[in-house]
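Below are the chains, spelled out letter by letter.
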Amino acid sequence: MDEQKEVEFLLETTFRISNLNMQQTSGDFKLNMLQVLSECFQYEHAIFWEVADGELNEQPVCFNVETYTIQNYLHEYKYYDPLHPVNMQNQPDIQLMQRNEAISKKKKLYYVERFLQKNDFIDEMVMYLYNQQKPTAAIGFLRKEGELPFTEKDSQKLSYVKRMIENVYLLHQYVQPGESLQITQREKELLLYLCKGFKNAEIARFLYVSENTVKKHLQNLYRKFQVTSRTQLALKYSESFRT
């Protein structure tokens, strides 16, 4: 592909990303984003994760990746993954497995042999999306046996459209705030006690968890509702039932 065609291709990709339907549900929006990236870059296996406090949401949107593969990853191998958020401090926003040196070679080899290869994958690349300098989402790309490994050129191409992907994703969250919150059942239980005026220690007793766990849930809820205090959180949660 010559330079002119390359520019036209990237402009077309950017245009398609910018025209994704903002009225879609969170799941449909993410799946359509992955489909566009697949059609434009031939990334046939991809996962769209939400990220909160350096951890991956356990219900990602998958494109040609089996559910049991995700479960296996989450339960046994995620912290061996060099491209997991906990290993990404001071690393570039787009990471190639082959280039990453965030963890020891021994752990990396263990992850490649025990997880990637056993699931018929040969390579991995991840792009992180940021909001206010914090990772808010990650799109993981995988290559299967018979496909070519990712290269620096793959990373470079993604870098040209990353800002548009980031902006469109954040705009979708703004347009569809209720959908993007994705409150868990445990968080709903905590919110009910919070709205009744109970303190952390009391909530911990009712939910049979530690106070630290309650604090962690609260921090996640502050982020989801974009508030900074218990009072603001209770008010905004109450308002969500009236809108």
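Here the structure is a predicted model, which means the values were calculated and not measured.

A. Examining the overall build of the chain more closely. Within the chain, the secondary structure is distributed over 10 helices and six strands. Relative to its length of 243 residues, the chain is compact, with a C-alpha radius of gyration of 20 Å against a globular reference of 18 Å. Its C-alpha atoms give the chain principal-axis dimensions of roughly 65 × 40 × 30 Å. The proportion of buried residues among the 243 residues of the chain is 45%. Element-wise, carbon and sulfur atoms account for 48% of the exposed surface of the chain, whose accessible area totals about 14,000 Å². Within the chain, one finds 30 positive and 32 negative side-chain charges whose respective centroids are separated by 8 Å.

B. Structural detail: the packing of aromatic side chains. Applying the stated criterion across every chain, the model contains 16 aromatic pairs. Relative to Phe-41, the ring of Phe-9 has its centre 5.5 Å away and its plane inclined at 80°; by these criteria the two rings are edge-to-face. With Phe-9 in helix α1 (residues 3-18) and Phe-41 in helix α2 (residues 26-41), this pair connects stretches of sequence that are 32 residues apart. Here Phe-9 matches Phe-41 in class, with each residue buried. Seen in terms of ring centroids, Tyr-77 and Phe-115 are 5.6 Å apart; in terms of plane orientation they differ by 40°. Their pairing is tilted. Of the two residues, Tyr-77 sits in helix α3 (residues 67-77) while Phe-115 sits in helix α4 (residues 105-116), which places them 38 residues apart along the sequence. Under the relative-accessibility criterion, Phe-115 is labelled buried at 4%. Ring-pair connections join several aromatic residues into one group, and the members of that group are Trp-49, Tyr-73, Tyr-77, Tyr-80, Tyr-110, Tyr-111 and Phe-115. Across the ring face of Phe-121, the terminal group of Lys-144 is positioned such that the distance to the ring centre comes to 4.8 Å.

C. Just the pairing of strand β5 (residues 121-131), in detail. Summarising burial for β5: eight of the 11 residues are buried, a large majority. Note: strand β4 (residues 94-96) against β5, three bridges, orientation antiparallel. Along β5, the bridge assignment pairs Gln-95 with Val-126. Where β5 lies against strand β6 (residues 134-144), 10 bridges are found, and the strand directions are antiparallel. Counted as the bridge partner of Val-126 is Gly-140 from β6.

D. Region of interest: the pattern of salt bridges. Taken as a whole and judged by the stated rule, the model has nine salt bridges. Measuring nitrogen to oxygen at the nearest pair gives 2.4 Å for the salt bridge that ties Arg-16 to Glu-39. Placement of the pair is Arg-16 in helix α1 and Glu-39 in helix α2, with a sequence separation of 23 residues. In this structure, Arg-163 engages Glu-166 in a salt bridge whose closest nitrogen and oxygen atoms are separated by 3.8 Å. Here Arg-163 and its partner Glu-166 are both found in helix α5 (residues 152-175), three residues apart, which amounts to about one turn of the helix.

E. Main features of helix α9 (residues 211-225). For α9, with 15 residues, the first-to-last C-alpha span of 21 Å sits near the 21 Å given by 1.5 Å per residue. Regarding α9, the residues found buried are Val-214, His-217, Leu-218, Asn-220, Leu-221, Tyr-222, Lys-224 and Phe-225. A positive phi of about 60° marks Gln-226, the residue just after α9.

F. Spatial organisation of the environment of His-45. Structurally, His-45 is set in strand β1 (residues 45-52). Spatially, the C-alpha atoms of His-45 and Gly-140 are 8.4 Å apart, while their sequence positions differ by 95 residues. His-45 has contacts with Phe-63, Asn-64, Val-65, Phe-121, Gly-140, Phe-141, Leu-142, Lys-144 and Glu-147, leaving out every residue within four places of it along the chain. Here Asn-64 takes part through its backbone oxygen, which lies 3.2 Å from a polar atom of the side chain of His-45.

G. Examining the side chain of Glu-124 more closely. Looking at the secondary structure, you find Glu-124 in strand β5. For the buried Glu-124, no salt bridge exists, and the shortest N-O distance to an oppositely charged side chain is 10.0 Å, to Lys-108. A distance of 2.8 Å separates a polar atom in the side chain of Glu-124 from a polar atom in the side chain of Tyr-111. Those residues within four positions of Glu-124 in sequence are excluded, and the remaining contacts are Asp-81, Leu-83, Gln-95, Leu-96, Met-97, Tyr-111, Leu-116, Phe-141, Leu-142 and Phe-150.

H. Geometry of the confidence of the model for the chain. With 95% of its residues at a pLDDT of at least 70, the chain reaches an overall mean of 88. Ranking the helices and strands of the chain by mean pLDDT puts strand β3 (residues 61-63) first, with 96, and helix α6 (residues 177-181) last, with 53.

Reading guide: rules and limits
Residues numbered from 1 in each chain as written. Predicted model: local features only at pLDDT ≥ 70, side-chain atom pairs only at ≥ 80, totals over all residues. Heavy atoms only, no water. Helix = DSSP H or I, 4+ residues; strand = E, 2+ residues; numbered from the N terminus. Rg over C-alpha atoms; globule rule 2.2 N^0.38 Å. Buried < 20%, exposed > 50% of the residue type's maximum accessible area, 1.4 Å probe, protein only. Areas by Shrake-Rupley, 256 points an atom, 1.4 Å probe, with all protein chains shown as cover. Lys, Arg positive; Asp, Glu negative; His and termini not counted. Charge placed at Lys NZ, Arg CZ, Asp CG, Glu CD. Phe/Tyr/Trp six-rings, centres within 6.5 Å; stacked < 30°, edge-to-face > 60°. Lys NZ or Arg CZ within 6 Å of the ring centre and 35° of its normal. Pairing = 2+ DSSP bridges. Salt bridge = Lys/Arg side-chain N within 4 Å of Asp/Glu carboxyl O. Expected span 1.5 Å × (residues − 1). Contact = heavy atoms within 4.5 Å. Polar contact = N/O pair within 3.5 Å; in protein donor to acceptor, adjacent residues only side chain to side chain. pLDDT = per-residue confidence, 0-100.

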